[in-house]
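Okay, here's what each chain looks like letter by letter:
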Amino acid sequence: PNNTDPILRTEGLVKRFGEFTATDHVDLELERGEFRSLIGPNGAGKTTLFNLISGALPVTDGEIYFAGRDDEEPTAITSLSPAERVRRGIGRSFQISNIFGGLSVRENVRLAVQSVNREEIGLLESLFRPTDRYDEIAAETERILERVGLESVADVTANALAYGDRRRLEIGVVLATDPELVLLDEPTAGMSVDETRETIELIQNVLVDQTLLLIEHDIELVMELSDRISVLNHGELLAEGTPNQIASNQAVQDAYLGG
Ligand code: ADP
């Protein structure tokens, strides 16, 4: 064993749409617990890479390895369904909203908690222990509401939430699936500079035990908050490193930061 503890590793990952190569032999490795940002110009392949990791899209070539909940060596997840990847600990938020607008905040969190638990213990088993499960799910739901700061609006309908509380609920719903790795695809799309900062800081404060992979356009904020940054360009991994290393990388400046 070496001194890093990888949670996710992609090897020679390729995605083609017809003739077009959106992901071009990407070798990405995330260390457990780190906050990694993924940046690159529009069309660089950031969302496609997320879709491959979450299983929303099948790969053309290459492998994806994920270590999951234990500290064992990562195992291949390349052909697993999206649902199985969620169960193993890959959570995804924001561009795919999992919120039911007509349900209350508490109901939304409880549904998310239930969705993972039911898969883990099996429907038949859950039928034989309904009261146990009910108490556990209710307790976990309250714990999450508290963690994201939504106890006071737990009975409010999701559609009626203020903007910031809606963001909190989205984070709560991700947290409810008990993820090890969270893929955050532009959680701040359409937000002001202040809202963007608040949202990223909230994510960092709530998802403290998780490894985070973030797509974010506010480069200043990315530089300030990330542990490490990976830069995609034309589907290829152009550079990787600490914010300081990325800021002073000539290839990144030429391709992306505009000199
Ligand atoms: P980014 O998230 O960095 O802006 P994307 O991953 O969304 O980039 O897109 C990368 C490239 O792949 C773009 O040129 C886009 O048009 C293309 N692309 C993405 N999805 C598809 C698809 N389903 N079919 C064809 N081309 C696609």
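Residues numbered from 1 in each chain as written. Predicted model: local features only at pLDDT ≥ 70, side-chain atom pairs only at ≥ 80, totals over all residues.

(A) Representation of the overall build of the protein chain in the model. Looking only at helices and strands, the protein chain features 10 helices and 11 strands. By the burial criterion, 38% of the 259 residues in the protein chain qualify as buried. (Helix = DSSP H or I, 4+ residues; strand = E, 2+ residues; numbered from the N terminus. Buried ≥ 20, exposed ≤ 12 C-beta atoms within 10 Å, placed from the backbone.)

(B) Quick peek at the site of the ligand. The local shell around the ligand consists of Phe-17, Phe-20, Ala-22, Gly-40, Asn-42, Gly-43, Ala-44, Gly-45, Lys-46, Thr-47 and Thr-48. Contributions of two or more residues to the shell around the ligand are made by β2 (20-26) and α1 (46-54). In terms of residue count, α1 provides more of the shell around the ligand than any other element does, 3 residues in total. Considering only residue class, the shell around the ligand consists of 4 nonpolar, 6 polar and 1 charged. (Near = placed C-beta within 6 Å. Nonpolar A, V, L, I, M, F, W, Y, C, P; charged D, E, K, R; others polar.)

(C) Up close: the domain arrangement of the protein chain. If you check the domain split of the protein chain, you get domain 1 (1-89 + 180-259) and domain 2 (98-178). One C-alpha centre belongs to domain 1, the other to domain 2, and the line joining them spans 26 Å. Facing the 9 residues of domain 1 at the interface are 12 residues of domain 2. Elements with a minimum of two residues in the side of domain 1 that touches domain 2: α2 (82-88) and α7 (193-206). Grouping the amino acids of the side of domain 1 that touches domain 2 by side-chain chemistry returns 6 nonpolar, 1 polar and 2 charged. (Domains from an automatic or database assignment. Contact = placed C-beta atoms within 7 Å.)

(D) Layout of the confidence of the model for the protein chain. For the protein chain, per-residue confidence averages 88 on the pLDDT scale, and residues scoring 70 or more make up 90% of the total. Interface confidence for the predicted complex, expressed as ipTM, amounts to 0.97; the pTM equals 0.88. (pLDDT = per-residue confidence, 0-100.)

(E) Just unusual backbone geometry, in detail. Look at His-25: it is not a glycine, yet its phi comes out positive at around 55°. Judged by the 15 C-beta atoms lying within 10 Å of it, His-25 is partly exposed. We note that Asp-178 has phi near 55°; this positive angle belongs to a residue other than glycine. Position of Asp-178 among the secondary structure elements: in the loop between α6 (163-175) and β8 (181-185). When the 20 C-beta atoms within 10 Å are taken as the criterion, Asp-178 is described as buried.

(F) Broad picture of the environment of Val-174. Examined against the element boundaries, Val-174 turns out to sit in helix α6. On a C-alpha basis, the gap between Val-174 and Ile-53 in space is 16 Å, while along the polypeptide they are 121 residues apart. Ignoring sequence-local partners within four residues, the contact set of Val-174 consists of Gly-91, Ser-93, Pro-179 and Val-182.

(G) Expanded view of the pairing of strand β11 (residues 236-241). Bridge count for strand β10 (residues 228-233) against β11 is 5 bridges, and the pairing is antiparallel. Within the sheet, the bridge partner assigned to Val-231 lies in β11 and is Ala-239. What sits between β10 and β11 in their antiparallel hairpin is a turn of 2 residues, with His-234 showing a positive phi close to 50°. (Pairing = 2+ DSSP bridges.)

(H) Representation of the sheet that holds β11 in the model. The sheet built from 6 strands is open, its strands ordered β7-β8-β9-β4-β10-β11 with mixed pairing. The open sheet is flanked by β7 (90-93) and β11, the only strands paired with a single partner. Mean inter-strand twist for the sheet, computed between neighbouring axes without regard to direction, equals 20°. Pairing between strand β4 (residues 35-39) and β10: 4 bridges, direction parallel. Looking at the pairing, Leu-38 lines up with Ser-230 of β10. Seen against the sheet, α1 touches β4, β7, β8, β9 (211-215) and β10 and runs at an angle of roughly 150° to β8. (Axes fitted to C-alpha atoms, helices over the stretch in contact; angles between N-to-C directions.)

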